[in-house]
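# Structural features, examined
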Amino acid sequence: MDQHPANGLDDVVHQRVRLGILTVVHQARRAEFGFLRTTLDLTAGNLGQHLTVLEKAGLVEIEKGYEGRRPRTWASLTPAGDQALKDEVAHLKRLIHQIEHGSPA
C-alpha cells in the first residue's frame, strides 16, 4: 500500500506563512521584504522569523542591499526551494484527488 499523501507533506514548507512565502517568491522570482509583508499580511518580525527558517533549510536566499539610500531585503528561491515547493504541490494534489475520488492518485 502506498504511503498516505499527508505523510509526504514537509513541515517546513507546509506551514501556512512559509508556503505563502515560497509561492509568492516562486511567482515573482525575487520578492522584496515589504512586498512579502504586505502581500501576506504579516508583521516584519513574523516575516523575518519565517524567512530565517526557510533560509536555514536552504530553501530561500536572502539578499540585502540598497535601493537608492533605502536598505532593502530580497528573497529568492534556491533550486532546493523550487523543488520543495513542487514536491509539496504534488503531495497536495494527491491528497485532494484522494478526498475527491475516494482513492489514491
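Our subject is the structure that appears above.
Residues numbered from 1 in each chain as written. Predicted model: local features only at pLDDT ≥ 70, side-chain atom pairs only at ≥ 80, totals over all residues. Heavy atoms only, no water.

Here we come to the overall build of the protein chain. Across its full length, the protein chain holds five helices and three strands. When the helices and strands of the protein chain are placed in sequence order, the string is α-α-β-α-α-β-β-α. Taken over the C-alpha atoms alone, the protein chain extends approximately 60 × 25 × 20 Å along its principal axes. Counting all 105 residues of the protein chain, 31% fall into the buried class. Intrachain contacts of the protein chain at a sequence separation of at least 6 include 51% that bridge at least 24 residues. Element-wise, carbon and sulfur atoms account for 51% of the exposed surface of the protein chain, whose accessible area totals about 6900 Å². Averaging the positions of the 13 positive and the 13 negative side-chain charges in the protein chain gives two centres separated by 8 Å. (Helix = DSSP H or I, 4+ residues; strand = E, 2+ residues; numbered from the N terminus. Buried < 20%, exposed > 50% of the residue type's maximum accessible area, 1.4 Å probe, protein only. Contact = heavy atoms within 4.5 Å. Areas by Shrake-Rupley, 256 points an atom, 1.4 Å probe, with all protein chains shown as cover. Lys, Arg positive; Asp, Glu negative; His and termini not counted. Charge placed at Lys NZ, Arg CZ, Asp CG, Glu CD.)

Attention now moves to the pattern of salt bridges. Under the counting rule described, the total for this entry stands at three salt bridges. Its salt-bridge partner being E63, residue R30 comes within 3.2 Å of it at the nearest N-O pair. In this pair, R30 is assigned in the loop between helix 2 (16–28) and strand 1 (31–32) and E63 in strand 2 (residues 60–67), connecting sequence segments 33 residues apart. The class of R30 is partly exposed, set by a relative accessible area of 41%. Overall, E63 belongs to the partly exposed group, its relative accessible area being 40%. Residues K86 and D82 are paired through a salt bridge, measuring 3.1 Å at the closest nitrogen-oxygen approach. Taken together, the residues span about one helical turn, with K86 and D82 both in helix 5 (residues 79–101) at a distance of four residues. (Salt bridge = Lys/Arg side-chain N within 4 Å of Asp/Glu carboxyl O.)

On to the side chain of H50, then. Relative to the helices and strands, H50 is located in helix 4 (residues 44–56). Since its relative accessible area comes to 12%, H50 is described here as buried. Contacts of H50, omitting those with residues within four sequence positions, involve Q15, V17, R18 and I21.

Of all hydrophobic cores here, the largest spans 20 residues; its most connected members are I21, L22, V25, L36, L47 and L51. Top contributing element to this core by residue count: helix 2, with six residues. Those residues in contact with L51, other than ones at most four positions away along the chain, are I21, F33, L36, V60, I62 and A75. (Core = buried A, V, L, I, M, F, W, Y, C linked by side-chain atoms within 4.5 Å.)

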